[in-house]
Amino acid sequence: ALYVADVDRLLRFARVEASFGQPVAPQVLRKDLPRDSAHGWRYLAFGPDGKLYLSIGAPCNVCEAPGYAELRRMNAEGRDEETVARGLRNSVGFAWRPGTRELWLTDNGRDWLGDDQPPDEIDILITPGAHFGFPYCHGGYLPDPQYGRGRSCDDYSAPALRLDAHVAPLGILFYGGRQFPAEYRGRVFVAEHGSWNRSRKSGYRVMMADVVDGRPEDYRPFLIGFERDGEVSGRPAYLLELPDGSLLLSDDQGGRIYRI
């Protein structure tokens, strides 16, 4: 079955391969998800525990909003929902590290604290129940000027990797193919969608990092060229590995899918 996350609904299209090219009415599993358009993108994936994971972004730049800024999981029928992580402002990309139950998530930090803060993040969820700080603490070290008063960043899970501010990381993928050279196997790739409110643009690229002792190291460019001298030709969004080991990259500004 094909699962599709709408803003406020969760849909399932049964037997999609058998009916490929023909209209199939979806089963509406859920129609009670938040309807806010701000950070209303949904990302979803089945985990190694067989549960369906789905993100709920904050309905604001920064605010206290119970039931938002969290990651939920449920069974394949959309029932038995539980929250497994909180304090995630806008996580619209996650992936499990192969051979583990570690869930690596990208998270977009708040705006309007300047060009260079707070950092965007790669977070790692190992034990359900973690809180990654939003809206009280950003990047594991920076208390929010409004909501961080009287709170300590030590009370929250710090990011596994602090990224540049406003690069807007979306899709994240662990490479397991054999088409790329052997040293690429096991690396983590991140699509940086790019800044929208920074005086000099940042992001607009695909980055990669080695995984050393379960942590990302040597975060560096893999694919650049979507931004040149302030002119933007595309915004990387999501990554997918094909069976032959090549990568697909979607560009939601150019309306393109690239094969690498």
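The structure presented is a predicted model; accordingly, all values stated were derived computationally and were not measured. (Residues numbered from 1 in each chain as written. Predicted model: local features only at pLDDT ≥ 70, side-chain atom pairs only at ≥ 80, totals over all residues. Heavy atoms only, no water.)

1. Here we look at the pattern of salt bridges
Pairs can form between side chains of opposite charge once their charged atoms are near each other.
Item 1. If you walk through the whole model with that rule in mind, you get 20 salt bridges.
Item 2. The partner of Asp 116 in a salt bridge is Arg 198, and the shortest N-O contact between them spans 2.6 Å. Taken together, the positions of Asp 116 in the loop between strand E9 (103–107) and strand E10 (121–125) and Arg 198 in the loop between strand E16 (188–192) and strand E17 (205–212) put the pair 82 residues apart, joining distant regions of the chain.
Item 3. With a relative accessible area of 61%, Asp 116 lands in the exposed category.
Item 4. Note on Arg 198: relative accessible area 23%, which makes it partly exposed. (Salt bridge = Lys/Arg side-chain N within 4 Å of Asp/Glu carboxyl O. Helix = DSSP H or I, 4+ residues; strand = E, 2+ residues; numbered from the N terminus. Buried < 20%, exposed > 50% of the residue type's maximum accessible area, 1.4 Å probe, protein only.)

2. Considering the state of the cysteines
Item 1. Inspection of every chain in the model, using the stated rule, returns two disulfides.
Item 2. Disulfide pairing places Cys 60 opposite Cys 63 at an S-S distance of 2.0 Å. With the S-S bond torsion at -80 degrees, the cross-link from Cys 60 to Cys 63 turns out left-handed. Taken individually, Cys 60 and Cys 63 each receive the classification buried, so the pair is uniform in this respect. (Disulfide = S-S within 2.5 Å.)

3. Here we look at the sheet that holds E17
Item 1. Spatial ordering of the open sheet is given by E15-E16-E17-E18, a layout of four strands whose pairing is antiparallel. The open sheet is flanked by strand E15 (169–174) and strand E18 (215–223), the only strands paired with a single partner. Strand-to-strand twist across the sheet, computed as the mean angle between neighbouring axes with direction ignored, equals 25 degrees.
Item 2. Bridge count for E17 against E18 is six bridges, and the pairing is antiparallel. Following the sheet pairing, Asp 210 is matched in E18 by Glu 217. (Pairing = 2+ DSSP bridges. Axes fitted to C-alpha atoms, helices over the stretch in contact; angles between N-to-C directions.)

4. With respect to the sheet that holds strand E2 (residues 10–13)
Item 1. Reading across the sheet, the three strands line up as E1-E2-E3 and stay open at both edges, with antiparallel pairing between neighbours. The sheet terminates laterally at strand E1 (2–5) and strand E3 (27–30), the two strands that pair on one side only. Averaged over all adjacent pairs, the angle separating strand axes in this sheet is 30 degrees, with direction ignored.
Item 2. In this sheet, E2 lies alongside E1 in antiparallel orientation, the contact comprising four bridges. Across the sheet, Ala 5 pairs through a bridge with Leu 10, a residue of E2.

5. As for the layout of surface pockets
Item 1. A volume near 430 Å³ is recorded for the largest pocket.
Item 2. Elements supplying a minimum of two residues to the lining of the largest pocket: strand E4 (44–46), strand E8 (94–96), E15 and strand E21 (236–241).
Item 3. It is E21 that contributes the most residues to the lining of the largest pocket, four residues altogether.
Item 4. Each residue belonging to the lining of the largest pocket can be placed in one class, and the counts come to 13 nonpolar, no polar and two charged.
Item 5. Approximately 340 Å³ is the volume attributed to the second largest pocket.
Item 6. In this structure, the second largest pocket is lined by 17 residues; those nearest its centre are His 39, Asn 90, Asn 108, Ala 168 and Trp 196.
Item 7. Residue composition of the lining of the second largest pocket, grouped by class: five nonpolar, eight polar and four charged. (1 Å grid on protein atoms, 1.4 Å probe; cavity = no way out; pocket = protein on both sides within 12 Å on 5 of 7 lines; lining within 4 Å. Points joined across faces, edges and corners; volume = space filled by probe spheres on them. Nonpolar A, V, L, I, M, F, W, Y, C, P; charged D, E, K, R; others polar.)

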